[in-house]
Amino acid sequence: MTGAFNSLKAELMSRLSTVKPDRIVFVGVGNRMRGDDGIGPVLIDLLNGRVSHALDAGSTPENFTGVIKRLNPSVIVFLDALDFGASPGHARIIESADIMRYGMSTHTFSLDVVMDYLGQEAGAAVFLFGVQSACISHMPGLTPVAEKFLKDYADIIVLASGK
């Protein structure tokens, strides 16, 4: 995974390193009571106090659009579990136009719609930091394989965001 990790780090650096840290908003999406669907909120827990804006939107990110717009972001990064066919715990940067290729969303509103809306309304660059889930079912907490990489991902997000 070292090659993929370094590639992910480089892509995050290229997208975030020139943006003022207080103009980047991280939005965790997911349900902590549905196994790996809680990846986004757990990443937010790991980012709190380390980045300027880290919001846990739970499974209804559409309810946070007003809060996000008021922060006047240049970049909005959604953090969420996704199934893109990789090994559990691996991450990838995904554009809103590509989200539907990876199957149905577990959220009330399709995340690509929320991302596109915020991109237009806030005038911000918007993308998803997606982490491959192992199991999304009614169980509290993440699977060990999904949780294994999250601290490292939080560290590279903090590094890339200039904090």
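What comes next is a walk through the structure. Everything numeric in this text was worked out from a predicted model, so none of it was measured.

**Quick look at the environment of Asn 63**
At step 1: Its location among the elements puts Asn 63 in the loop between strand 2 (53-56) and helix 3 (65-70).
At step 2: In sequence terms Asn 63 and Val 114 are 51 residues apart; their C-alpha atoms lie 9.6 Å from each other.

**Points about the packing of aromatic side chains**
At step 1: Applying the stated criterion across every chain yields a total of three aromatic pairs.
At step 2: Taking the centre distance of 6.2 Å and the plane angle of 20° together, the rings of Phe 5 and Tyr 153 count as stacked. Of the two residues, Phe 5 sits in helix 1 (residues 2-16) while Tyr 153 sits in helix 6 (residues 150-160), which places them 148 residues apart along the sequence.
At step 3: On the numbers, 6.2 Å between centres and 35° between planes, the contact of Phe 149 with Tyr 153 is tilted.
At step 4: Assessed through its relative accessible area of 16%, Phe 149 is described here as buried.
At step 5: An aromatic cluster is defined as three or more aromatic residues linked by ring pairs; in this entry it consists of Phe 5, Phe 129, Phe 149 and Tyr 153.
At step 6: In this structure, Arg 15 packs its charged tip against the face of Phe 127, placed 4.5 Å from the ring centre.

Calculation criteria
Residues numbered from 1 in each chain as written. Predicted model: local features only at pLDDT ≥ 70, side-chain atom pairs only at ≥ 80, totals over all residues. Heavy atoms only, no water. Helix = DSSP H or I, 4+ residues; strand = E, 2+ residues; numbered from the N terminus. Phe/Tyr/Trp six-rings, centres within 6.5 Å; stacked < 30°, edge-to-face > 60°. Buried < 20%, exposed > 50% of the residue type's maximum accessible area, 1.4 Å probe, protein only. Lys NZ or Arg CZ within 6 Å of the ring centre and 35° of its normal.

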